[in-house]
Amino acid sequence: MVPRDPARPAPDGSPPPAPTPAPPPAARPRQRRRRFGLIRGILVLAGVGVVGGGVAAWAVLGQVAGDLPDHRWLADYEPPQMSRIYAADSRLMAELATERRVFVPFEAIPQRVRQAFVSAEDQRFWEHQGVDPIGIGRAVMTAIEQYGTGRRMSGASTITQQVAKNMLVGADRTMTRKVREAILAVRIEQALPKERILELYLNEIFLGAQAYGVAAAAQAYFNKPLDDLTLAEAAFLGALPKAPNNYNPVRFPEAAKARRDWVLDRMAEDGAITAQEAAAAKAEPLVPRPTRRPETVGVGQHFTEEVRRELIARFGPDKTAGGGLVVRTSLDPALQAATEAALRQGLTNYDRRRGGWRGPVAKINPAATAWLPELEKVDRPGGMLPDWRLAVVLEVRGDEARLGLVDRPEPRGPAQPRTGTLPFADLAWARRALDNNRFGPTPRRMTDVVAPGAVLMVEAVAGRPDRYALRQIPQVEGPIVALDPETGRVLAMAGGWSFDKSQFNRASQGMRQPGSSFKPFVYLTALEAGIPPNQRFLDGPFELQTGAGVWRPSNYGGGQGNGYVTMRTALEKSLNLVTVRVAQEIGIEQVADVAARFGVIPNMPRYLSMSLGAGETTPLRMAAGYASFVNRGREVTPTFIDTVQDHRGRLIWRSDVRSCQGCDAATPAAGPPELVGERRLVTDPIAAYQMVNLLTGVVTRGTGTRAGEGLNRPISGKTGTTDDYKDAWFVGFTPDIVIAVWIGFDDPRSLRAPGESGGDVTGGRLAAPIFREVLAAALRDSPPVPFRAPPGVALVRTQLDNGSSIIEAYRPGTENSARAPRGEGGSGTAVLDRGMGGLY
C-alpha cells in the first residue's frame, strides 16, 4: 500500500492536518538528557526496591526459619494406631484407638500403591529436594489460565511439604505457613531418606471414612489388605488426598471414578504402568465394599475394662490407645458367656423371690394412632439385655395382654408395628414390690400386674415368636471370678449384672465383708502351728470384754453350741464360736499375718471379730487366696493379660515369669524342659493340703453341698454369710479352677425381709448354686481329677463323730497329738484385754 501524501486532502474532502513543527536544533540534546535522567531514576529506585525487598525478605525468612519446630523427631516417629485386645482363643475383644489407623512399614506397602500416590500428588518426588520449582511453575501457569473462572488454584505442595504441614506446621492458609512448610520440607529431605518420608506420608494421611493411612483406607473402602488391591483400587486410594469427602465412592461415584481414571493416566504418563494396563483398569467398575467393624466377643466387658485400666497403668494412656499394641488375654469366651448367664439367672431367681414387681418402664398413650411413635421415644434402661425388647400393653383381655412392639426390617428403615401376647400364667412371681424387701400378695389376674399404656421389658419365648415373657432388671448385684490356680490367669470375670448398667467392677473393686468364707485362713493358722484337724474345741457361749462393751458372738441361727467338736466339724458346719476360740488360742496377730501373706486382707485390724470375716476384701482377692491352697501353698497373683506386643510384633511384656530350663539347649535333654516357678511360698504344702482336705468336707457334708450336686468330682470350698445377711459368698475350687461368687446389694442392706429367718439367703443357698453352674460349664467333658497330696503328708483313715470314716491329712508326727478338748472353762467365758477395740 502506498502511503497517503499528508499534503493531499483526505478522501472525505476534509483539509489535510497541519504539519508538526520540528524542534530547534538546540532543544534536542536537552530532551535526550531529561529522558536519560528519568530512566536512570527508575533504575535506581528499582535497584533500591530490589535490595530493600531482598533485605526485608531475608529478615522475614530468618525470623521464620528461626521459629520453626524441630523436625528431627520424625526419624523415630511412629503414627498413632489402634491397639487390639484378644481373648485366649485369638478372637477380638476390643479395639482401643483415637484414630483408626494401621501402620505399615515402607517395605510392606505394594509398589503400585506407592506409585499411585506419587503420580497423583508429587510426580517429581524422587528428584526434588523438598520443594519442586517445576511444579510451582506449572501451578502458576495453570492459575493464570484459569484466572477469572472461579476455580480454586491447584496446589504445588510436594509430598514432603505435606508431611511438614500435617505433622509440624498445621493447615492454616497463610503465606507464612507456606514459607515455613517449604523450609521444613528442605530440612526434612536433608535429614531423612525418601523412603522414610513416603512411609510417614502413607501412614499419616487422612483418606476419609475415618481411615488414617493406606492400610486402614484399603479396609474401609474395599475390605481388603493392601496386598490384595487391584490396580484400579490402588489408583482410587491415590485419588483421595486432594478431597476425601468429595470423592467418596458411595456418595459421589462419578466424581470418584473420574478422579481415579485421572490418577491412572498420570501413572501411565510416569511409566509406572502401561497404557494397556491403564485402559483395563479404567474399564473396571469402582465398587466400594465398606468394611464392617471386626466382629468382637460379645461378652466380658468388665474383663475388657480391667485390661484397659491395667494397660494404662503399665504403658500410659497414649501408648494404650495409639501404640498399636497387640494384647493377648486369658479370657475364655465360652466360660465367660456361661459365667454371665449363671450370674444373671441367679440374680433373677433372687429378684423374683425377694424383689417383687417394681412396675413398668414408662407409660404412654396406647391408642392405635399414637403408641408407635411414642414407644420409639422411650429410651432403653441401662442394664436391659440385648435380647430384651420394649413393648407397650395395648389391651388386657382375660388371662393375657396384647403387646405392641417396634420392628425395623432395615437398620435405618422406617419403624413397623408388631404385636404379641404376654400370658398371665408366667406372672406368678410379679407381686408388687414394697419397701424393706417386702411385697404384696400373689397376683390373681392380669390387671394386678399391668394396664394399657404400660411400657414393659419383654423377651421372646423360644419357639414362640409371638409370645413374650415379662422381664425386669434386678436390684441385687453380684460378681464372679474364675481363675487358673496354677498360673493365676483369670479365665472369666463378671463384674455385675451388666456393664451397660454399671461399669463398676464388683469383682476387683467392690470391698465387702467375706463372712465365714474367711474362716479357712483362721484354721490354716492353727494347722501351721501343728494343731491337727481332729483337735476338739468347745462350741459353747463366748464373751469378750471390749472397750465398747461385751461382745457375744453366736452360731448361725443363734445357736449357743454343740459341745466339743473337731476343727473339721467346726469348719464344715461353719461354727462361729469354735472359730473365735481357735483365733483366740493361736493369736489374732498370727491370723492377720496369714491374711496378709495370702493377700486377702493386707492390713487386717487386730480384733478378734475379724476371725469371723468382719474385714473387707474383694472376690478377686478371695479367689487368689483360695488358689494358694490348691497350688501347694504358693502365692497366686491374678493376671488378665498374657502378653503384650508392640506394633512391630516385638514382645514387650508377659505375665508368666517362669523360667524354662533346657528350652534353649542345643540338643534335647533326656526329657521335656521344666518350667521353674519363682512364686514364693505363703504357707507350707502340708498345711495347704490339709486345708484342701477340710474344705472338701464342706462341700461333701457341710454348708456347701449345693456347690457339688451332680458333678461327681472332688470339690473344695466354703460358704460365707455376713451379719444380718448383707453378703452371701461361696468360694470353691477343683485342681483345675477356682471360682468366687458374691451376692448382695451395692448399698449394704439385708437380703432377707424383716422378720424372716434368712435361711434361703445364705451363701449356701444363693451363691453356691451359681458356683455349681459355672464349674459345670468350665469342666464339661473333663474327667474328675483328684487333689494331689504333697510329699511327706500322713494320710490316715479317721472315724468321724457320725460313725463314718474319711482319709484325714496330718502333719507327720501329729496323727495322735490331739490333746484334751480346748477352750474349757466353767462358764466358757473368755475375758481379754479391756483395751482391745471391737467392731461390734
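Residues numbered from 1 in each chain as written. Predicted model: local features only at pLDDT ≥ 70, side-chain atom pairs only at ≥ 80, totals over all residues. Heavy atoms only, no water.

Chemist: What is the right way to read the overall build of the protein chain from this model?
Modeler: Across its full length, the protein chain carries 21 helices and 26 strands. Here the protein chain holds 840 residues, and 47% of them are scored as buried. When contacts within the protein chain are restricted to residue pairs at least 6 apart in sequence, long-range pairs at least 24 apart make up 69% of them. A total of about 40800 Å² of accessible surface is found on the protein chain, and carbon and sulfur atoms cover 52% of it. (Helix = DSSP H or I, 4+ residues; strand = E, 2+ residues; numbered from the N terminus. Buried < 20%, exposed > 50% of the residue type's maximum accessible area, 1.4 Å probe, protein only. Contact = heavy atoms within 4.5 Å. Areas by Shrake-Rupley, 256 points an atom, 1.4 Å probe, with all protein chains shown as cover.)

Chemist: Sorry if this is basic, but what is going on with the environment of Ile-480 here?
Modeler: Structurally, Ile-480 can be placed in strand β12 (residues 480-483). In sequence terms Ile-480 and Val-731 are 251 residues apart; their C-alpha atoms lie 9.7 Å from each other. Apart from the residues within four sequence positions on either side, Ile-480 is in contact with Thr-339, Leu-343, Ala-492, Met-493, Ala-494, Ala-507, Ile-739, Ala-740, Val-741, Ile-770 and Val-774.

Chemist: Would you explain the confidence of the model for the protein chain in this entry?
Modeler: Low-pLDDT stretches of the model should not have their predicted coordinates read in fine detail. With 86% of its residues at a pLDDT of at least 70, the protein chain reaches an overall mean of 87. Predicted confidence is poor over residues 825-840, with pLDDT under 50, and the contacts of this stretch with residues over four places away or in other chains come to 38 contacts. (pLDDT = per-residue confidence, 0-100.)

Chemist: Just to check I follow, could you spell out the sheet that holds strand β19 (residues 651-654) for this structure?
Modeler: Pairing within the open sheet is mixed, and its 5 strands lie in the order β2-β1-β5-β18-β19. Two strands lie at the open edges of the sheet, namely β2 (92-96) and β19, each paired on one side alone. Each strand of the sheet is rotated relative to its neighbour by a mean of 15°, with strand direction disregarded. Relative to β2, strand β1 (residues 83-86) is paired through 4 bridges, and the arrangement is antiparallel. When the bridges of β2 are listed, Ile-85 appears paired with Ala-94. (Pairing = 2+ DSSP bridges. Axes fitted to C-alpha atoms, helices over the stretch in contact; angles between N-to-C directions.)

Chemist: Whenever I open this one, the packing of helix α2 (residues 111-121) against helix α8 (residues 231-239) confuses me. Can you help?
Modeler: Packed helices, taken two at a time, are described by their axes: the angle between them and the distance between them. The N-to-C vectors of α2 and α8 enclose an angle of 40°; their axes lie 8 Å apart at closest approach. Between α2 and α8, the angle is such that the two are oblique. Note on packing geometry: the crossing formed by α2 with α8 is right-handed. Contacts between α2 and α8 involve Arg-112, Val-113, Ala-116, Phe-117, Ala-120 and Glu-121 on the former and, on the latter, Leu-231, Ala-234, Ala-235, Leu-237 and Gly-238. (Parallel < 35°, antiparallel > 145°, perpendicular 65-115°, else oblique. Left-handed = near helix turned anticlockwise from the far one by under 90°.)

Chemist: What exactly am I supposed to notice about the packing of aromatic side chains here?
Modeler: Aromatic ring pairs are reported here in terms of the distance separating the ring centres and the angle at which the planes meet. What the rule picks out here adds up to 19 aromatic pairs. Between the aromatic rings of Phe-303 and Phe-640, the centroid separation amounts to 5.3 Å while the plane-to-plane angle is 75°, which identifies the pairing as edge-to-face. Of the two residues, Phe-303 sits in helix α11 (residues 301-315) while Phe-640 sits in the loop between α19 (619-630) and β18 (641-645), which places them 337 residues apart along the sequence. Note on accessibility: Phe-303 and Phe-640 belong to one class, buried. Over the aromatic face of Phe-106 sits the side chain of Arg-114, whose NZ or CZ is 4.0 Å from the ring centroid. Here the guanidinium or amino end of Lys-194 rests over the ring plane of Phe-125, the centre of that ring lying 4.5 Å away. (Phe/Tyr/Trp six-rings, centres within 6.5 Å; stacked < 30°, edge-to-face > 60°. Lys NZ or Arg CZ within 6 Å of the ring centre and 35° of its normal.)

Chemist: Honestly, the side chain of Asn-248 in this entry has me stumped. Any pointers?
Modeler: Here Asn-248 shows up in the loop between α8 and α9 (253-269). In terms of polar contacts, Asn-248 uses its side chain to reach the backbone amide nitrogen of Val-250, at 2.8 Å. Ignoring anything within four residues of it in the chain, the contact list for Asn-248 reads Pro-253 and Ala-256. (Polar contact = N/O pair within 3.5 Å; in protein donor to acceptor, adjacent residues only side chain to side chain.)

Chemist: Help me out: how do you make sense of the nonpolar core in this one?
Modeler: The tendency in soluble globular proteins is for nonpolar side chains to be buried side by side. Phe-518, Phe-521, Met-604, Tyr-626, Phe-629, Met-691 and Phe-733 are the most contacted members of the largest nonpolar core, which totals 83 residues. No other element matches the 8 residues that helix α20 (residues 685-701) contributes to this core. Filtering out sequence-adjacent residues up to four positions away, Phe-518 remains in contact with Val-591, Ala-595, Val-600, Ile-601, Met-604, Met-610, Ser-611, Gly-613 and Met-622. Counting residues in each nonpolar core, the second largest holds 52 residues, with Trp-371, Met-457, Ala-728 and Phe-730 among its members. (Core = buried A, V, L, I, M, F, W, Y, C linked by side-chain atoms within 4.5 Å.)

Chemist: Would you mind showing me how to read the pairing of β2 here?
Modeler: Along any regular strand, the residues point their side chains to alternate faces of the sheet. Counting buried positions over the 5 residues of β2 gives 4, a clear majority of the element. Between β1 and β2, which pair antiparallel one after the other, the connecting turn spans 5 residues, and Ser-90 there sits at a positive phi close to 70°.

Chemist: In this structure, what is going on with the pattern of salt bridges? I would like to understand it.
Modeler: A full pass over the atoms with the stated rule returns 49 salt bridges. With a shortest N-O distance of 3.7 Å, Glu-477 and Arg-506 are connected by a salt bridge. Linking Glu-477 in the loop between β11 (464-471) and β12 with Arg-506 in the loop between β13 (490-494) and α15 (519-528), this pair joins segments that are 29 residues apart in sequence. One salt bridge connects Arg-749 with Asp-747, and the closest N-O pair in it is separated by 3.4 Å. Among the residues examined, Arg-749 registers a relative accessible area of 28% and is labelled partly exposed. Classification of Asp-747 by relative accessible area gives partly exposed; the value is 46%. Taken together, the shared-partner salt bridges in this structure form one network comprising Glu-305, Glu-306, Arg-308 and Arg-309. (Salt bridge = Lys/Arg side-chain N within 4 Å of Asp/Glu carboxyl O.)

Chemist: Teacher, can you tell me more about the pairing of strand β10 (residues 454-461) here?
Modeler: Looking at chain direction, strand β6 (residues 362-363) and β10 are connected through 2 bridges and run antiparallel. Looking at β10, one finds that Ala-362 is bridged to Val-455. As defined by bridge partners, strand β7 (residues 388-397) adjoins β10 across 5 bridges and the pair is classed as antiparallel. Bridge pairing links Ala-391 to Leu-456 in β10.

Chemist: Help me understand unusual backbone geometry in this model?
Modeler: Working note: non-glycine residues mostly have negative phi, and peptide bonds are mostly trans. Positive phi outside glycine occurs at Asn-223, with the angle close to 55°. Here Asn-223 is to be found in the loop between α7 (214-222) and α8. Of note in the backbone geometry, Tyr-725 takes a positive phi value of approximately 60° without being a glycine. Following the sequence through the fold, Tyr-725 ends up in the loop between β22 (716-721) and β23 (727-733).

Chemist: What is the right way to look at α19 in this model?
Modeler: In this model, α19 (12 residues) spans 17 Å end to end at C-alpha, consistent with the 16 Å of a helix rising 1.5 Å per residue. Buried residues dominate α19, accounting for 11 of its 12 residues. All of the buried residues along α19 are Pro-619, Leu-620, Met-622, Ala-623, Ala-624, Gly-625, Tyr-626, Ala-627, Ser-628, Phe-629 and Val-630. Arg-632 lies just past α19 and shows a positive phi near 60°. (Expected span 1.5 Å × (residues − 1).)

Chemist: Looking at this model, I keep getting lost on the sheet that holds β13. Mind explaining?
Modeler: Note: strands within a sheet are paired through backbone hydrogen bonds, in either parallel or antiparallel orientation. Spatial strand order, β13-β12-β24-β23-β22: 5 strands in an open sheet with antiparallel pairing. With partners counted over all chains shown, the strands left at the sheet margins are β13 and β22, one partner each. Shown here is a sheet whose adjacent strand axes are inclined to one another by a mean of 5°, direction ignored. Examined bridge by bridge, β12 and β13 share 4 bridges and lie antiparallel to one another.

Chemist: Looking at this model, I keep getting lost on the packing of α2 against α9. Mind explaining?
Modeler: Where α2 meets α9, the closest approach of the two axes is 9 Å, and the angle between their N-to-C directions is 95°. Classified by the angle between their axes, α2 and α9 sit roughly perpendicular to one another. Residue-level contacts link Arg-112, Gln-115, Ala-116, Ser-119, Ala-120 and Glu-121 of α2 to Arg-259, Trp-262, Val-263, Arg-266 and Met-267 of α9. Of the residues belonging to the contact of α2 with α9, the class tally is 5 nonpolar, 2 polar and 4 charged. (Nonpolar A, V, L, I, M, F, W, Y, C, P; charged D, E, K, R; others polar.)

Chemist: Quick question: what am I supposed to make of helix α13 (residues 333-355) here?
Modeler: An α-helical turn contains 3.6 residues, so any two residues separated by three or four positions project in the same direction. In this model, α13 (23 residues) spans 31 Å end to end at C-alpha, consistent with the 33 Å of a helix rising 1.5 Å per residue. One side-chain oxygen at the N-terminal end of α13 lies 3.2 Å from the backbone nitrogen of Ala-334; it belongs to Asp-332. Positioned one or two residues after α13, Gly-356 has a phi angle of 75°, which is positive.

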